[in-house]
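Structure assessment
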There are 2 protein chains.
Amino acid sequence: MEIIKDLGRLKEVVGQVRAAGQTIGLVPTMGYLHQGHLTLMREARKRCDLVVVSIFVNPLQFGVGEDFEEYPRDLTRDAELAGGVPVDIIFAPPVAALYPKGYNTFVEVEGITESLCGCSRPGHFRGVTTVVNKLFNLVEPHVAYFGQKDAQQVVVIKRMVEDLNMNLEIVTVPIVREADGLAMSSRNVYLSPEEREAALVLSRSLTTAGELIDRGERDARKVRETMVAMIEGEPLATIDYVEIVDLANLQPIDRLTGPVLIALAVRIGKTRLLDNKMVGVNNV
Amino acid sequence: MEIIKDLGRLKEVVGQVRAAGQTIGLVPTMGYLHQGHLTLMREARKRCDLVVVSIFVNPLQFGVGEDFEEYPRDLTRDAELAGGVPVDIIFAPPVAALYPKGYNTFVEVEGITESLCGCSRPGHFRGVTTVVNKLFNLVEPHVAYFGQKDAQQVVVIKRMVEDLNMNLEIVTVPIVREADGLAMSSRNVYLSPEEREAALVLSRSLTTAGELIDRGERDARKVRETMVAMIEGEPLATIDYVEIVDLANLQPIDRLTGPVLIALAVRIGKTRLLDNKMVGVNNV
């Protein structure tokens, strides 16, 4: 495994691999790897000749007052974990290599970026699509892997790839959870033991929503209200959003039908956590 | 020569050529080809195994009230001219193939798109960078060719390619002029015989500017004022802008030094025409 920080060296490797007709799989991450990331890497390993993991805490996707500075970073630990998969390359460029002086180009998906996380984090997805577009151009992957935990991000990136006619496939991998149900996230490290316990309300509310739907509930408002009441019952939790949306366009729906995304963002103390559940509602 | 309208067929050809290790040259145009376009194609022909000319009148780069509907189109004539170079492929997709229902992704270069043409045509360069980004992803060229006549467009596209780490080279080709000095443009067809004569004031003002600088003038304001007076002396001409800018960042300059761009947009009757001159000012 090689750790590459230099763009020129990366292009050299990518050029050689592409010229040899081999396939490239990319797992874009912000590092501080957990089992969710490792699952993505293992999927890439099964299918691609060269597996590249990018580790880059992207300043462009953090808003003012967000946790760009505090975001956990540990390249030594990450290299050990990624090496165990194993991956072939860790691409960990410095910020100035991706955003040099005079940088001025942005990729933006409109519409579907305005709801959910786009509402509470304006500019966030513009930062995501810009850096992911750059990573795709740099690594030239045949396949790129994203976790379903960031459900809106997946929809937005698929839209960018389709709209801009980018020549690669996006593969998504289901949420990986701790034994007690908490969705894995690099930000879980921020949680105190008390907050860690309180954070279980996210996955529990999704489980309850699933049970309601299984029992025949088709009124999205009722499902949502049950979830909101559960989360509000947890003193350490503050809701950012709880939404039930059409998986295709991320617009809120009233009646549960077709492929539906139940998505939530909740602050536990100061830590903003995401979770979601996809439901294929069968109305027959 | 093959005329391709279908994205799937284009991808098939591009995939085969890339897999065979051959080089691809792209000349993006809006059609109604003239000698300027043909010069770009000949440059591509010298260097690339596969030469693709795209012909696409891009609605996204036209503003409300601009000439998207009237823009001249003649694929039969274009195919004959391109076939004479010869090129290998004309890629002429329908609008709905590049912008299907639900299309929502845009590429934007900020800063350098706000002056000159960006000032009088808000949104224009966003349309240009978005479609050029798509064409680059579709055709996967090793080299793309642009005319120096659209000087700001060249600077903007080079910035996009560099910022987004796109893996291709941009080559620019000098302005091709009619015998009397008029810069070639598909829009010249709009001109009446009287307007055609009046339009010579653009190139004449640039020649005069060059002479002033050759004789030692270094005050950009004086050069500009001479040009403005010349153009205002032509009754059919209305100035959109006459600017003397730093070639690197397109910001107006006071003292002529280093690589300078003298750029102008002038309406002759209803037809908006561009012209420009690059000057490497030696102050020694």
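Residues numbered from 1 in each chain as written. Chains lettered and ligands numbered in written order. Predicted model: local features only at pLDDT ≥ 70, side-chain atom pairs only at ≥ 80, totals over all residues. Heavy atoms only, no water.

**Details of the sheet that holds strand E7 (residues 169–173) of chain B**
Residue and element names in this part refer to chain B. Ordered in space as E1-E4-E3-E2-E6-E7, the 6 strands form an open sheet in which the pairing is parallel. Edge positions in the sheet fall to strand E1 (2–4) and E7, since each has one partner strand and no second. Averaged over all pairs of adjacent strands, the angle between strand axes in this sheet comes to 25 degrees, irrespective of strand direction. Summarising the sheet, strand E2 (residues 24–29) and strand E6 (residues 143–147) pair through 2 bridges and their orientation is parallel. Bridging from a neighbouring strand, glycine 25 pairs with valine 143 of E6. Against the sheet, helix H2 (residues 35–47) makes contact with E2, strand E3 (50–55), E6 and E7, and its axis sits at roughly 155 degrees relative to E6, the strand it touches most. Contacting E1, E3 and strand E4 (89–91), helix H3 (residues 75–83) runs over the sheet at an angle of about 150 degrees to E4. (Pairing = 2+ DSSP bridges. Helix = DSSP H or I, 4+ residues; strand = E, 2+ residues; numbered from the N terminus. Axes fitted to C-alpha atoms, helices over the stretch in contact; angles between N-to-C directions. Contact = heavy atoms within 4.5 Å.)

**So, the confidence of the model for chain A**
Of the residues in chain A, 99% reach a pLDDT of 70 or more, and the chain-wide mean stands at 96. Confidence estimates for the predicted assembly give a pTM of 0.96 and an ipTM of 0.96. (pLDDT = per-residue confidence, 0-100.)

**Thoughts on helix H7 (residues 151–163) of chain B**
Residue and element names in this part refer to chain B. Along its 13 residues, H7 runs 18 Å from first to last C-alpha, staying within 8% of the 18 Å computed at 1.5 Å per residue. Along H7, 10 of the 13 residues are buried, which leaves the element largely enclosed by surrounding structure. Of all the residues in H7, the buried ones are Ala151, Gln152, Gln153, Val154, Val155, Val156, Ile157, Met160, Val161 and Asp163. One or two residues past the end of H7 sits asparagine 165, with phi positive at roughly 55 degrees. (Expected span 1.5 Å × (residues − 1). Buried < 20%, exposed > 50% of the residue type's maximum accessible area, 1.4 Å probe, protein only.)

**Here's the deal with the interface of chain B and chain A**
Interface size is commonly expressed as the accessible surface area that is lost when the partners come together. The interface is formed by 24 residues belonging to chain B together with 24 residues belonging to chain A. Both sides of the chain B and chain A interface together cover about 2,300 Å² of buried area, and 40% of this is carbon and sulfur. Sorting the residues of chain B by area buried against chain A places Thr105, Leu164 and Asn165 of chain B first, and these three jointly supply 26% of that buried surface. The interface formed by chain B and chain A includes 2 salt bridges. Where glutamate 110 of chain A meets arginine 126 of chain B, a salt bridge forms, and the shortest distance between an N and an O atom there is 2.5 Å. There are 18 residue pairs in polar contact (both at pLDDT 80 or more) connecting chain B and chain A. Mapped by element, the contributors of at least two residues to the side of chain B that touches chain A are strand E5 (105–109), helix H6 (124–139) and H7 of chain B. Classifying every residue of the side of chain B that touches chain A by side-chain character gives 9 nonpolar, 8 polar and 7 charged. The pairing of strand E5 (residues 105–109) of chain A with E5 of chain B spans 5 bridges and is antiparallel. Residue pairing for E5 of chain B: phenylalanine 106 of chain A is matched across the bridge by glutamate 108 of chain B. (Buried area = accessible area lost by both parts, 1.4 Å probe. Salt bridge = Lys/Arg side-chain N within 4 Å of Asp/Glu carboxyl O. Polar contact = N/O pair within 3.5 Å; in protein donor to acceptor, adjacent residues only side chain to side chain. Nonpolar A, V, L, I, M, F, W, Y, C, P; charged D, E, K, R; others polar.)

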